[in-house]
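Letter by letter, the chains look like this.
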2 protein chains.
Amino acid sequence: MSQNQILQSLIAENLVSDPQGARGRLLTEAARLFREKGYERTTVRDLAAAVGIQSGSLFHHFRTKEEILKAVMVETIRLNTALMQAAMEAAETPKDKLRALVRAELESINGQTGEAMAVLVFEWRSLSEDSQAEVLELRDIYEALWLDVLRTLREQKRLLADPFVVRRMLTGALSWTVTWYRPERGGLTLDGLTDQVMAMLGFPAVA
Amino acid sequence: MSQNQILQSLIAENLVSDPQGARGRLLTEAARLFREKGYERTTVRDLAAAVGIQSGSLFHHFRTKEEILKAVMVETIRLNTALMQAAMEAAETPKDKLRALVRAELESINGQTGEAMAVLVFEWRSLSEDSQAEVLELRDIYEALWLDVLRTLREQKRLLADPFVVRRMLTGALSWTVTWYRPERGGLTLDGLTDQVMAMLGFPAVA
DNA sequence: GACAATACCAAGCAAGCGCTTGGTTTGTAA
DNA sequence: TTACAAACCAAGCGCTTGCTTGGTATTGTC
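Thresholds applied
- Residues numbered from 1 in each chain as written.
- Chains lettered and ligands numbered in written order.
- Predicted model: local features only at pLDDT ≥ 70, side-chain atom pairs only at ≥ 80, totals over all residues.
- Heavy atoms only, no water.
- Helix = DSSP H or I, 4+ residues; strand = E, 2+ residues; numbered from the N terminus.
- Rg over C-alpha atoms; globule rule 2.2 N^0.38 Å.
- Buried < 20%, exposed > 50% of the residue type's maximum accessible area, 1.4 Å probe, protein only.
- Areas by Shrake-Rupley, 256 points an atom, 1.4 Å probe, with all protein chains shown as cover.
- Lys, Arg positive; Asp, Glu negative; His and termini not counted.
- Charge placed at Lys NZ, Arg CZ, Asp CG, Glu CD.
- Core = buried A, V, L, I, M, F, W, Y, C linked by side-chain atoms within 4.5 Å.
- Contact = heavy atoms within 4.5 Å.
- Near = heavy atom within 4 Å.
- Polar contact = N/O pair within 3.5 Å; in protein donor to acceptor, adjacent residues only side chain to side chain.
- Nonpolar A, V, L, I, M, F, W, Y, C, P; charged D, E, K, R; others polar.
- Phe/Tyr/Trp six-rings, centres within 6.5 Å; stacked < 30°, edge-to-face > 60°.
- Lys NZ or Arg CZ within 6 Å of the ring centre and 35° of its normal.
- Least-squares fit on C-alpha atoms with pLDDT ≥ 70 in both.
- Salt bridge = Lys/Arg side-chain N within 4 Å of Asp/Glu carboxyl O.
- Buried area = accessible area lost by both parts, 1.4 Å probe.

Colleague: Quick question: what am I supposed to make of the overall build of chain A here?
Modeller: Of regular secondary structure, chain A possesses 10 helices and zero strands. When the helices and strands of chain A are read in sequence order from the N terminus, they spell out α-α-α-α-α-α-α-α-α-α. Radius of gyration (C-alpha) of chain A: 18 Å, near the 17 Å computed for a compact globule of 207 residues. Once the C-alpha set of chain A is aligned to its principal axes, its extents read approximately 60 × 35 × 30 Å. Going through the 207 residues of chain A one by one, you find that 49% of them count as buried. Roughly 10200 Å² of accessible area belongs to chain A as shown, and the carbon and sulfur atoms make up 49% of that amount. In chain A, 25 side chains carry a positive charge and 28 a negative one; their mean positions are 4 Å apart.

Colleague: I tried to follow the nonpolar core on my own but got confused; where do I start?
Modeller: Side chains that are nonpolar tend, in soluble globular proteins, to be buried together. In this structure, L98(A), W146(A), L98(B) and W146(B) are the most contacted members of the largest nonpolar core, which totals 126 residues. Ignoring any residue separated from it by four or fewer positions in sequence, one finds L98(A) in contact with W146(A), V149(A), L150(A), L153(A), M198(A), L201(A) and F203(A).

Colleague: Where do I start with the protein's contact with DNA strand D in this structure?
Modeller: Contacts to DNA strand D come from 16 residues, most closely from T43(A), V44(A), K65(A), Q54(B) and H61(B). Within 4 Å of the protein, the atoms of DNA strand D are drawn from sugar and phosphate moieties in a proportion of 60%. In the model, a phosphate oxygen of DNA strand D is placed 2.9 Å from a nitrogen or oxygen of the V44(A) main chain. At the level of elements, α3 (44-51) of chain A together with α4 (58-61) of chain B are the ones that each hand at least two residues to the surface near DNA strand D. Tallied by class, residues from the surface near DNA strand D come to three nonpolar, 10 polar and three charged.

Colleague: In this structure, what is going on with the packing of aromatic side chains? I would like to understand it.
Modeller: Both the distance between ring centres and the angle between the ring planes are used here to describe each pair of aromatic rings. All names here are of chain A. Here the structure, examined in full by the defined rule, presents five aromatic pairs over all chains. Consider the rings of W180 and Y181, whose centres lie 6.1 Å apart with planes at 70°: the pair is edge-to-face. Classification of W180 as buried rests on a relative accessible area of 16%. Between K65 and the ring centre of Y39, over which it is positioned, the NZ or CZ distance is 4.2 Å. Taking NZ or CZ as reference, R167 lies 4.1 Å from the ring centre of W146, over its face.

Colleague: Whenever I open this one, the relation of the copies chain B and chain A confuses me. Can you help?
Modeller: For the pair of chain copies, the relating transformation is a rotation about an axis with a translation along it. Mapping chain B onto chain A calls for a rotation angle of 180° and an axial translation of 0.0 Å; the resulting RMSD is 0.0 Å. The two molecules are tied by a two-fold rotation axis, judged by turn and shift.

Colleague: Before we go on, may I ask you to explain the pattern of salt bridges in this structure?
Modeller: Oppositely charged side chains are able to pair whenever their charged atoms sit close together. Residue and element names in this part refer to chain A. Under the definition given, this model contains 28 salt bridges over all chains. For the salt bridge of R63 with E67, the shortest nitrogen-to-oxygen distance reads 3.3 Å. Residue class for R63 comes out exposed when judged on its relative accessible area of 69%. Residue E67 is classed as partly exposed on the basis of its relative accessible area, which comes to 26%. In this structure, E134 and K70 form a salt bridge, with 3.0 Å as the shortest nitrogen-oxygen distance. Of this pair, E134 sits in helix α8 (residues 129-155) while K70 is found in helix α5 (residues 65-89), placing the two residues 64 residues apart along the sequence. A relative accessible area of 43% means that E134 is categorised as partly exposed. One continuous salt-bridge network, built from bridges that share partners, spans R99, R103, E107, D191 and D195.

Colleague: Which parts of the structure should I look at to understand the interface of chain B and chain A?
Modeller: Quoted interface sizes are often the accessible area lost when the parts come together. Facing 34 residues of chain B, the contacting portion of chain A comprises 35 residues. Counting each side, the surface lost to burial between chain B and chain A is near 3000 Å², with a carbon and sulfur contribution of 69%. Among the residues of chain B in contact with chain A, R125(B), M169(B) and M200(B) are the three that bury the most area, contributing 25% of the side total. Scanning the region where chain B abuts chain A turns up four salt bridges.

Below is the structure:
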């Protein structure tokens, strides 16, 4: 299943908003602004202007500003969980599965959904505690994907460190790429970056 | 030189504020609040209340709220650069130097200066562009420490990935520990965590 | 072509924000 | 004691914020 097919089926199930529609367009713009200026510094007037409506009209679609932030996060996690699941199922060996996960997460962070992913990482505290708990629950689903693969590699002695710790280190390392990795200008492609991550973990590229 | 001696000499040179003094106490409380609630959500009234003065009186010590944030960041970098330099000079082999750097950065992030370090990572965008540039310049000094060591290890083929990339991955991985590592409750000590990081990079603990 | 429901606008309210102001207290040193 | 600066207070100004309100287009349905 292609990435686009996955997106389409999630839209059909009403799990994510169509980026063409009014709601989806707002969420896309919100992600962009939240990332660029931070949630607090982005006003409802900014958000409204970005989609060409009045600030008051926002509250027809969302009850509060925070609900917009939460929607950005929830839909992003849903989409990426689905993408990761697909990427991993296509791989065979544990090493290949790990590579697929790394590559998929890098793509989430630095590709189309990058802005929303950055929001997920950096605007965490702007959510109320209740919303945080809700979002956290969704995250657990795809964290399980990682731990499965890492545990297998650990049992095969191909990984020297604890799977939990490694996953958390990778979470930090991969999401941090959003602050420095610029595929457009020069050198490192996404596959190249994936190779570097794998090499760092002791899995050299090619034979 | 002990950590305390380093702090004292920096205070003597007026490079960081004495945490006992009025200014230093404010900066400590500011770091705590900025980390806990984020810079934008922390009001000057919160800051003033934390040190027991009126909100207006803050502006006798700092011209703007942003100046407080900047001071937290600048002083933290100064202190940690000095601590890292000391930690590294005490080590001999490149591997030991790398371990010293990892351990020192983990200590910065999870120890006394942890709150300020978290602010450095997560409140970056709340600084004006000019201030960002200033702070960035200070960071470059201690980034050079890391790159030196990593380059040496790479030349010795004990590191499989590019030193620049590895450093950036480590920046993300180590600063991310602030979100999950809780030394007080259970299991992993700071040395244990350092071992895990080294193991992840292919440097197993002990022989 | 009637009629809801949906989507939006224009205006503005109440609260909270960073910061200023004018004046008082406290510390220090001759 | 006097002189003076540093440290602080009490009050509040001017602005921005998230959100509400009452009303008007636009859209889909039979």
